[in-house]
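One-letter residues, chain by chain:
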Amino acid sequence: MADIKKGDPCEIINARGTFTPLGVSRSPAEVQDAVGKALGAYFCLEELQQAASAHLVRFSGAEAGTVVHCAAAAVTLAVAACITMGDAEAIARLPEAEGLPRRVLLPASHNVNYGQPIEQAVRLAGGQPDLVGTEARCDLNDLADAMSQDEICCLLLVSSRLTRGPALDITAAVALARSRNIPVIIDGAAQDMRVGHLVGTGADLVIFSGQKYLSGPTAGLVVGSSAAVAAVRAQEKGIGRGMKASKEAIAGTIAALKARAILDLETWQAAQHEKLERFLGEANALSAVNAFSEPDPTGLPFARAVLEIAPPFNAVETIRKLQSLSPPVFVMDHLVHFNKLVLEITSLRNDEIDTILASLEHVLRE
Ligand SMILES: *Cc1c(COP(=O)(O)O)cnc(C)c1O
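These numbers were taken from a predicted model, which means no experiment stands behind them.

Some words on the pairing of strand β6 (residues 184–187)
Moving on, step 1. Neither face of β6 is exposed, since V184 and I186 on one face and I185 and D187 on the opposite face are all buried.
Moving on, step 2. What joins strand β5 (residues 152–158) to β6 is helix α7 (residues 170–179), and the crossover it makes is right-handed.
Moving on, step 3. Summarising the sheet, β6 and strand β7 (residues 205–209) pair through 3 bridges and their orientation is parallel. Paired with I186 across the bridge in β7 is V206.

Digging into the environment of L286
Moving on, step 1. By secondary structure assignment, the location of L286 is in the loop between α11 (265–284) and β9 (289–295).
Moving on, step 2. When the C-alpha positions of L286 and E361 are compared, they lie 6.8 Å apart, and in sequence the two are 75 residues distant.
Moving on, step 3. Residues in contact with L286, not counting those within four places in the same chain, are L360 and E361.

Some points on helix α10 (residues 247–261)
Moving on, step 1. Between the first and last C-alpha of α10 there are 21 Å, a value that for 15 residues agrees with the 21 Å anticipated at 1.5 Å per step.
Moving on, step 2. Among the residues of α10, those classed as buried are A249, I250, A251, G252, T253, I254, A255, A256, L257 and R260.
Moving on, step 3. Among the structural elements, α1 (29–39), α2 (45–60), β2 (64–68) and β8 (220–224) are those in contact with the buried residues of α10.

Digging into the side chain of T298
Moving on, step 1. Relative to the helices and strands, T298 is located in the loop between β9 and β10 (303–309).
Moving on, step 2. When its relative accessible area of 16% is taken as the criterion, T298 is described as buried.
Moving on, step 3. Of the polar contacts made by the side chain of T298, one reaches the side chain of Q191; its length is 3.0 Å.

Side note on the packing of helix α3 (residues 71–84) against helix α9 (residues 226–233)
Helix-helix packing: each pair is described by the crossing angle between the helix axes and the interaxial distance.
Moving on, step 1. One way to put it is that α3 packs onto α9 with a least axis distance of 8 Å and a crossing angle of 110 degrees. Relative to α9, α3 is oriented roughly perpendicular. From α3, L77, A78 and A81 reach across to α9, where they touch A228, A231 and V232.
Moving on, step 2. In terms of residue class, the contact of α3 with α9 is made up of 6 nonpolar, no polar and no charged.

Digging into the site of the ligand
Moving on, step 1. In the vicinity of the ligand, the contacting residues are C70, A71, A72, Y114, V158, S160, D187, A189, S209, Q211 and K212.
Moving on, step 2. One of the side-chain nitrogen or oxygen atoms of D187 is found 2.6 Å away from a nitrogen atom of the ligand.
Moving on, step 3. Q211 places a side-chain nitrogen or oxygen 2.9 Å from an oxygen atom of the ligand.
Moving on, step 4. Considering the ligand on its own, with 380 Å² of exposed area, one finds that the protein chains cover 91% of that surface.
Moving on, step 5. Cavity membership is defined here by more than half of the atoms lying within 2 Å of grid points; on that basis the ligand lies in the second largest pocket.
Moving on, step 6. In terms of residue class, the shell around the ligand is made up of 6 nonpolar, 3 polar and 2 charged.

Some remarks on the nonpolar core
Moving on, step 1. Residues L143, L155, L157 and I186 are the most contacted members of the largest nonpolar core, which totals 44 residues.
Moving on, step 2. Listed in part, the 40 residues of the second largest apolar core include L94, L156, I185 and V229.

Side note on the packing of aromatic side chains
Moving on, step 1. Inspection of every chain in the model, using the stated rule, returns 3 aromatic pairs.
Moving on, step 2. Relative to F208, the ring of F59 lies with its centre 5.9 Å away and its plane at 80 degrees, an arrangement referred to as edge-to-face. Of this pair, F59 sits in helix α2 while F208 sits in strand β7; the two residues are 149 residues apart in sequence, bridging distant segments of the chain. Side by side, F59 and F208 carry an identical accessibility label, which is buried.
Moving on, step 3. Ring geometry for Y213 against F302: centres 5.4 Å apart, planes inclined by 55 degrees, an arrangement best described as tilted. Placement of the pair is Y213 in the loop between β7 and β8 and F302 in the loop between β9 and β10, with a sequence separation of 89 residues.

What counts, and where the lines are drawn
Residue positions are given per chain, counted from 1 along the sequence in the order it is written. The predicted nature of this model means local features are confined to residues of pLDDT at least 70 and side-chain atom pairs, given and counted, to a pLDDT of 80 or more, with totals for whole chains, interfaces and linings taken over all residues. To get the side-chain values, take all heavy atoms of the structure and skip hydrogens and water. Note on exposure labels: buried denotes an accessible area under 20% of the residue type's maximum, exposed denotes more than 50%, and partly exposed covers the range between, all computed with a 1.4 Å probe on protein chains only. Numbering of helices and strands runs from the N terminus, with a helix taken as a DSSP run of H or I at least four residues long and a strand as a DSSP run of E at least two residues long. When the strands point away from the viewer, a crossover counts as right-handed if the path from the first strand over the helix to the second runs clockwise. Any two strands with at least two DSSP bridges between them are considered paired. Whether two residues touch is decided by their heavy atoms; if any such pair falls within 4.5 Å, the residues are in contact. Helix span, as expected, comes to 1.5 Å for every residue beyond the first. Pairs of N or O atoms within 3.5 Å make up the polar contacts considered here, provided that, within protein, one atom can donate a hydrogen while the other can accept it, and that residues adjacent in sequence are counted only when both atoms are side-chain atoms. The angle between two axes is taken between their N-to-C directions and runs from 0 to 180 degrees, where each axis is a line fitted to C-alpha atoms and a helix contributes only its stretch in contact. These descriptions rest on fixed angle ranges, namely under 35 degrees for roughly parallel, over 145 for roughly antiparallel, 65 to 115 for roughly perpendicular, and the rest for oblique. For this classification, Asp, Glu, Lys and Arg are treated as charged, while Ala, Val, Leu, Ile, Met, Phe, Trp, Tyr, Cys and Pro are nonpolar and the rest, including Gly, are polar. Residues are classed as near a molecule or strand on a simple rule: at least one heavy atom within 4 Å of it. All accessible-area figures derive from a Shrake-Rupley calculation using a 1.4 Å probe, and residue coverage is judged against the displayed protein chains alone. A 1.4 Å probe that fits but cannot get out identifies a cavity on a 1 Å grid over protein atoms alone, an open set with protein on both sides within 12 Å along at least five of seven lines counts as a pocket, and a residue lines either if it has an atom within 4 Å of a point. What decides whether a molecule sits in a cavity or pocket is whether more than half of its atoms lie within 2 Å of the grid points. To qualify as a nonpolar core, a set must consist of buried Ala, Val, Leu, Ile, Met, Phe, Trp, Tyr and Cys residues joined through side-chain atoms within 4.5 Å. Stacked, edge-to-face and tilted are the three classes for Phe, Tyr and Trp ring pairs, Trp counted by its six-membered ring, which pair at centre distances within 6.5 Å; planes under 30 degrees apart are stacked, over 60 edge-to-face, the rest tilted.

This is the structure we're talking about:
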């Protein structure tokens, strides 16, 4: 990375999507304002949480909601809620959970790593992850078998492009658990645009990241039944102390939820489509590139760009060169072995898309 002045953060072009090591997302002005104003003010935190809950209820259709530090913290706190069910003595004892129901069923294919293996977020609460099925496959029969054992605390499911194998029918998995009175947590971190579907499964708690597609400050949003959300909040005097949301995160989250509430999804989708089509058209004008679109693998309402790189060039070298430019351009590299780059351009401005096109032309010059 050239031209970095000492102490200056280096701006990059991020076509990797909501990727934590690259700053996740950019917040609109109203969210930035809300965060800035909150930093200069006192609040009654309880009132701020109650306002956030009201906005989370409108956003999700769930009974209640709360804001915690981030989605990873939310997984830990949701498991803690299921282990302790709001019992003050148990909350004070965590993560020591001996004698409490603490086996957490987790499909092995959902044991994702978003920077930390999710099973570690379970263990932080005192939970014992019980991986069901194999990494390559977990189906409803595997879950039904696992549910016949004792001491089950909850079922943890993940909705993310990081899961492996054939997709587990989440709605059916939730129904199965609920028929056996087993609480269900869904980690849907980047799936806030599918909130209706995930909450509609009937899961007790559903988790989203405030800073991914919602474009708020770093925050974990937890929505669900009033009792389950109360049990999450009860952890504030226990292990949740180190996982609390700041006043500015709660205020910024409220602003982001307000922006989402007035978003016209159809207009937004049409704008994304137009942006992507222009990018694909211009990328296809490069002789070493075959560009096409691919739907989001998790069902989010927008597509991504796939660029197939022709010899004498290859995807590995192209990615390396794009990252060494000024500004550096980052793309997804999971299909690099198929000689493909994948780009998510929803969050990019037109001038940034122009820079990506010029960068591609530069690195793919004969
Ligand atoms: C990003 C992500 C997380 C972690 O989110 P943070 O808010 O950064 O803690 C957890 N689970 C999944 C599936 C994710 O994609």
